Each structure stands twice: as C-alpha cells, then as structure tokens.
Amino acid sequence: MVQKMITPVILSGGSGTRLWPLSRKAYPKQFVQLIGEETLFQASARRVDSPEFGPPVIITNSDFRFIVKDQIAAISVEAETILIEPEARNTAPAVLAAALQKLRTDPDSILLVAPSDHVVPDMAAFRAAVQAGLSAVHEGRLVTFGITPTYPETGYGYLELATPPEGETAPVALTRFVEKPDAQRAAEMLATGRYLWNSGIFLFRAADIVAAFRQHTPEMVSQVEAALDQAQSDIGFLRLAPEPWAGISDISIDHAVMEKADNLSVVPFGAGWSDLGGWDAVWREGVHDAQGVQLSGQATAIDCSDVLLRADTENMVVVGIGLKDIIAVAMNDAVLVAHKSRAQDVKLAVDALKKQGVRQATDLPKDHRPWGWFESLAVGTRFQVKRIHVHPGAALSLQSHFHRSEHWIVVEGTAKVTVGEETRLVTENESIYIPLGAVHRMENPGKVPMVLIEVQTGSYVGEDDIVRYEDIYARGQGAKG
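The model shown is predicted, which means the values in this text are computed figures rather than measured ones. (Residues numbered from 1 in each chain as written. Predicted model: local features only at pLDDT ≥ 70, side-chain atom pairs only at ≥ 80, totals over all residues. Heavy atoms only, no water.)

Participant: Lay out the overall build of the chain in plain terms, naming residues and giving numbers.
Facilitator: Looking only at helices and strands, one finds eleven helices and 28 strands in the chain. Relative to the globule expectation of 23 Å for 481 residues, the C-alpha radius of gyration of the chain, 24 Å, shows essentially globular dimensions. Taken over the C-alpha atoms alone, the chain extends approximately 75 × 60 × 40 Å along its principal axes. Every one of the 481 residues in the chain was classed for burial, and the buried ones make up 52%. The long-range fraction of contacts in the chain, counting pairs at least 24 apart against all pairs at least 6 apart in sequence, stands at 69%. With the model as given, the accessible surface of the chain reaches about 20,900 Å², and the carbon-plus-sulfur share is 52%. Here the chain contributes 44 positive and 60 negative side-chain charges, whose respective centroids are spaced 2 Å apart. (Helix = DSSP H or I, 4+ residues; strand = E, 2+ residues; numbered from the N terminus. Rg over C-alpha atoms; globule rule 2.2 N^0.38 Å. Buried < 20%, exposed > 50% of the residue type's maximum accessible area, 1.4 Å probe, protein only. Contact = heavy atoms within 4.5 Å. Areas by Shrake-Rupley, 256 points an atom, 1.4 Å probe, with all protein chains shown as cover. Lys, Arg positive; Asp, Glu negative; His and termini not counted. Charge placed at Lys NZ, Arg CZ, Asp CG, Glu CD.)

Participant: Pulling in residues and values, what's your account of the domain arrangement of the chain?
Facilitator: Per the domain assignment, the segments of the chain are domain 1 (7-269), domain 2 (289-356) and domain 3 (366-470). Placing the centre of domain 1 and that of domain 2 at their C-alpha centroids yields a distance of 30 Å. At the interface, eight residues of domain 1 touch 14 residues of domain 2. Carbon and sulfur atoms supply 64% of the area that domain 1 and domain 2 bury against each other, a total of about 1,100 Å² over both sides. For the domain 1 face of the interface with domain 2, the top three residues by lost area are Arg-18, Trp-20 and Pro-21, together amounting to 53%. Between Asp-333 and Arg-24 there is a salt bridge, and its shortest N-O distance comes to 2.8 Å. The tally of links from domain 1 across to domain 2 stands at three residue pairs in polar contact (both at pLDDT 80 or more). Taken together, the residues of the side of domain 1 that touches domain 2 sort by class into four nonpolar, two polar and two charged. (Domains from an automatic or database assignment. Buried area = accessible area lost by both parts, 1.4 Å probe. Salt bridge = Lys/Arg side-chain N within 4 Å of Asp/Glu carboxyl O. Polar contact = N/O pair within 3.5 Å; in protein donor to acceptor, adjacent residues only side chain to side chain. Nonpolar A, V, L, I, M, F, W, Y, C, P; charged D, E, K, R; others polar.)

Participant: So what's going on with the sheet that holds strand β12 (residues 293-296)? Which residues, and what values?
Facilitator: Think of a sheet as strands paired side by side through backbone hydrogen bonds, with each pair either parallel or antiparallel. Read from one edge to the other, the open sheet built from four strands follows the order β12-β14-β16-β17, with strand pairing classed as mixed. Two strands bound the open sheet, and with one partner strand each, they are β12 and β17 (335-339). On average, adjacent strands in this sheet sit at an angle of 5° to one another, irrespective of strand direction. Bridge count between β12 and strand β14 (residues 307-311): four bridges; the pairing is parallel. Directly across from Val-293, in β14, lies its bridge partner Val-307. (Pairing = 2+ DSSP bridges. Axes fitted to C-alpha atoms, helices over the stretch in contact; angles between N-to-C directions.)

Participant: Could you give an account of the UniProt feature "domain: Mannose-6-phosphate isomerase type II C-terminal" (unreviewed entry) in the chain, with specific residues and numbers?
Facilitator: Residues annotated by UniProt as "domain: Mannose-6-phosphate isomerase type II C-terminal" (unreviewed entry) correspond here to residues 366-471. In the segment residues 366-471, helix accounts for 0% and strand for 61%; the C-alpha atoms at its two ends are 21 Å apart. (UniProt positions renumbered as here; feature names shortened; annotations may be inferred.)

Participant: Would you mind going over helix α7 (residues 218-229) in detail, with residue names and values included?
Facilitator: The terminal C-alpha atoms of α7 lie 17 Å apart, and with twelve residues this matches the ideal 16 Å at 1.5 Å per residue to within 8%. By the burial criterion, the buried members of α7 are Met-220, Val-221, Val-224, Ala-227 and Leu-228. For α7, the angular spread of the buried residues around the axis is 130°, confining them to a single face. Contact partners of the buried residues in α7: α3 (91-103), α6 (206-216), β10 (237-239) and α8 (242-246). (Expected span 1.5 Å × (residues − 1). Arc of directions from axis to C-beta.)

Participant: Quick rundown of the pattern of salt bridges? Include the residues and the values.
Facilitator: If you walk through the whole model with that rule in mind, you get 24 salt bridges. Across the salt bridge formed by Arg-89 and Glu-87, the nearest N and O atoms sit 3.3 Å from each other. On the accessibility criterion, Arg-89 (13% relative accessible area) is buried. Salt-bridge contacts for Asp-280 lead to Arg-284; the nearest nitrogen and oxygen are separated by 3.8 Å. With Asp-280 and Arg-284 both in helix α10 (residues 279-285), this residue pair falls four residues apart, about one helical turn. With relative accessibility at 13%, the residue Asp-280 sits in the buried group. A residue is classified by how much of its surface remains accessible, and Arg-284, at 32% relative accessible area, is partly exposed. A network of salt bridges, in which partner residues are shared, links Asp-367, Arg-369, Lys-386 and Glu-463.

Participant: Residue-level account of the nonpolar core, with values.
Facilitator: Ranked by internal contacts, the top residues of the largest apolar core, which has 89 residues, are Leu-34, Leu-112, Phe-145, Leu-203 and Trp-279. Ranked by the residues each element gives to this core, the list is headed by helix α4 (residues 123-137), at six residues. Excluding residues that lie within four positions of it along the chain, Leu-203 makes contacts with Ile-6, Ile-110, Leu-111, Leu-112, Val-130, Gly-133, Leu-134, Val-137, Arg-141, Leu-142, Val-143 and Phe-145. (Core = buried A, V, L, I, M, F, W, Y, C linked by side-chain atoms within 4.5 Å.)

Participant: Run through the pairing of strand β20 (residues 383-390), naming residues and quoting values.
Facilitator: Among the eight residues that make up β20, six are buried, leaving the element largely enclosed by the rest of the structure. As defined by bridge partners, strand β19 (residues 372-379) adjoins β20 across seven bridges and the pair is classed as antiparallel. Residue Val-379 lies in a different strand from β20, and its bridge partner there is Gln-384. Taken together, β19 and the strand that follows it, β20, pair antiparallel across an intervening segment of three residues. Bridge count between β20 and strand β27 (residues 450-458): eight bridges; the pairing is antiparallel. The residue of β27 that forms the bridge with Arg-387 is Ile-453.

Participant: How would you summarise the sheet that holds β19 if you had to cite specific residues and measurements?
Facilitator: Here six strands make up an open sheet; going across it, the order is β18-β19-β20-β27-β22-β25 and the pairing antiparallel. Where the open sheet ends on each side, the last strands, each with one partner, are β18 (366-369) and β25 (431-434). Ignoring which end each strand starts from, the neighbouring axes of this sheet average 20° apart.

Participant: Any details on the packing of α6 against α7? Residues and values, ideally.
Facilitator: At a closest axis distance of 5 Å, the pairing of α6 and α7 adopts a crossing angle of 120°. As judged from the angle between their axes, α6 and α7 are oblique. Of α7, the residues touching α6 (which contributes Phe-213, Arg-214, Gln-215 and His-216) are Pro-218, Met-220, Val-221 and Glu-225. Its residues placed into classes, the contact of α6 with α7 shows four nonpolar, two polar and two charged. (Parallel < 35°, antiparallel > 145°, perpendicular 65-115°, else oblique.)

As structure tokens, this is what we get:
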C-alpha cells in the first residue's frame, strides 16, 4: 500500500513575550533569526519539506500574513493554504479550523500539527519519530510527542506515561497531562523516568480529531464550521469569517480535547528539542565558547562566563565585563539585562511596561509591511522622520492623509511617485513634496531595493492617519489594513 502523505499544520500566529525585546507582539520570535541562518518559522517549514509530507497548511493572523508568505517563498516552500484568524483564540480553534478545512478536500487526511517557534536540530530524527507515530494513528489514536527531559524544567508542561518508555520512538500510552511543576516536583518527576516534556506537537487523522472535538467541545465545531463556511479568499489567503470566530472560546487544544480524550498515545523523542521559551533556552541552544559566552552582533565579553550578550541593531555595541550568568540584549529602543535564572520573568517586565503604556512593550522601531518596511528615526510633537525600504517591484497603496504633509528624499534606488494626476521618477539625491490631503503613491520600479527618508509634519503623525483608495495587497483601511 502506498503511504499517504502527511499534511503539516504550522501554527504561526503567536506573540510570545519571554524573548522581549527582540520578540514583540508586532513581530514575534517565530519570524526572527534567533539561531542559525533561518528564522524559527522557516526552519519549521523546512523540517516538513520532504517526500513524506504534502504542502503545509499555515495558520496565522492578518498582521503576519505577508511575513509568512515572504519567508516561505525565500526558502522555496509553497503552502497548500494559509488560513487567516480574525483574532487569536489559542490553539484549539486553530487546529480545528485546519482539520475541518482539510476534511473538505481529503476525508482520509493525516495531519501533523506543530508550532512554528520550536528548535529541532535533527530533522531526520524528527521525521523518523513522525513515521513511528503512524501505527497508532492508523488505529484511530491521537498521537502527541513527548520530549525526553534532560533537566528538571519548570517552564514546560509534562506528560505522564503509564510505564517508562521502552524505545526511543515506540508509541506508548498516556496517563495524564501535568501542568508546569515547581522545581522540587520537576526533579521528582524526572527521577521516575515516566515523564516527558509536552512538546505541543500532534499527529492524527483529521476525521479523528474532529470527532474528538464533536465529543468534548461540540459548540466549537459549529462555530468554526460557520467561520469556514463564510470564509473569503484574499489574494492567496483564506480569511475565516470574523463574526462566528469572535464567539469561540480562547482555549488550548490540550484543555479543550487532549486532557479529556481516552485514545492518546505518546511518541518519545530524545534527539534535541526546545521551544525557546526564554533567553536561558537561547543560551543553551546557541553556540558558546569554553567559558559559556554566547555573543551575537557587535558584542564583546571581557572576563565573563555563562553569559549571553546580544546587539540586535546596527551601530549598537554591547560590552560585558566580569559578568556571570547574565543575559544582556540591546536594541536601539530597549535594553534587557537579567540574571539567567530569572529568564522566565521577562514576561512580567512586558506586563509592567504595558500597564505603563510604553510603546516598546509591543511595538518595534521597524514596522514590516507587504511592500517592505519602515523605521522611525525621530519623533516629535508635530513631526516624524522615517527610513522607508521598498522591495523591488513593490508599491505602497494609493493614499492620502488628513493631518500631515510629507517630504520624500530618495537615498538608494529610484522611486516612481504619483501625486495627484502627475507621475514621475525620483532618483537618488532627489526629493519631492506631498502636500496635506494630496492623493499619492510610492512604487519601486527597479530591480534593487529603494530607500528613502520621509519627513512628516503636521498636527498628527500616527500610522492610522491614512485613507487607502487602491492597494495591490487588499489591506483595507486602518494603520495596517
């Protein structure tokens, strides 16, 4: 019998805070190059880019949809479907939407559900573990993957097995899910040999997981079906309908289904894994010298040991002297300094900044858009200076502003600029003025990136002061659309 291809379902809508300031709500860790030459999202897509897998179904949100498309295109991976969640509702609705959508085209489909922000260095071992789980899937079981623990981690949930696993990849029965323990309990569980870390990776037939949802959360099934029935295609994406989606519970697949199901199996996996749930995990998984020093960017360590020093902005320099067990991450708008043992408390700092209304809690200086990106260089009460980078062949929307005028100076490449009825080329060291209220557009007609400096002046320079008339990216109105 020919083995059926497995459809990967990649969850990429999360907005983790424990890797702040590098990971923020506006641009979370899965899209950042943290370890290696690719982003975590790209590594996740490449992990399932082999003959036993079909094209992936990717689930994300509206703000990240073009980042997803650009990053998989950069590694020559093509998605089967990119589902757009109207708003975050945790993993249960996302997985259910993918399963229901896949059932409509392939009733016998097998799904591998995986987050997009994990590190799994040994791709061959991972694929072998997936193949090992298929025997349980063919028996109608829901399979999860448990990571062989190497230390008493308190930041992960655990899976309790009925007996210690006999082999590295043979499926075993699951007794129960265990919430994140304290240090003493984690050490006790590790000593028994019957506990694995909960990876949040699952393998099952689409029909079986939908049946489990119908049994344990039937109201969610009808709501997600309605969101799919009313979904709209949008230039390569499938947007789930917002009205039925808004009423869905915010709940993980563990709490909604897995902890209630009685047909679960676990495949143990011990070939290396991390969810990079904190800067301490980045230090463990990254490359460091004999003194445990891990450097990134323009970072220098003098008489340091077991430290992570990271400069994540050009022209930013970080120097550590006489440090031990310290994390220091510097960007041009925020700096984190923490003891490695307090890495899990970074989220507390983000919560505190949010309460203070600090923009850096969620937003980055560099704002990514489908046409490229911009960053604010200076902001005053009645002005803002930006650097704008436009990809070759890309174009901003045809737009106008109520409260500001703009002055553009091209510093790299050539811009095709429309102001009112006039369109002309603006080359390096040339500028053009956009009066308040004028309908205008900027395009890059060339083969190389175009960069310009934009000076905004007016009574209000917020990103939501924009009216779009035409947009090749179909973003609608609002700051990002």
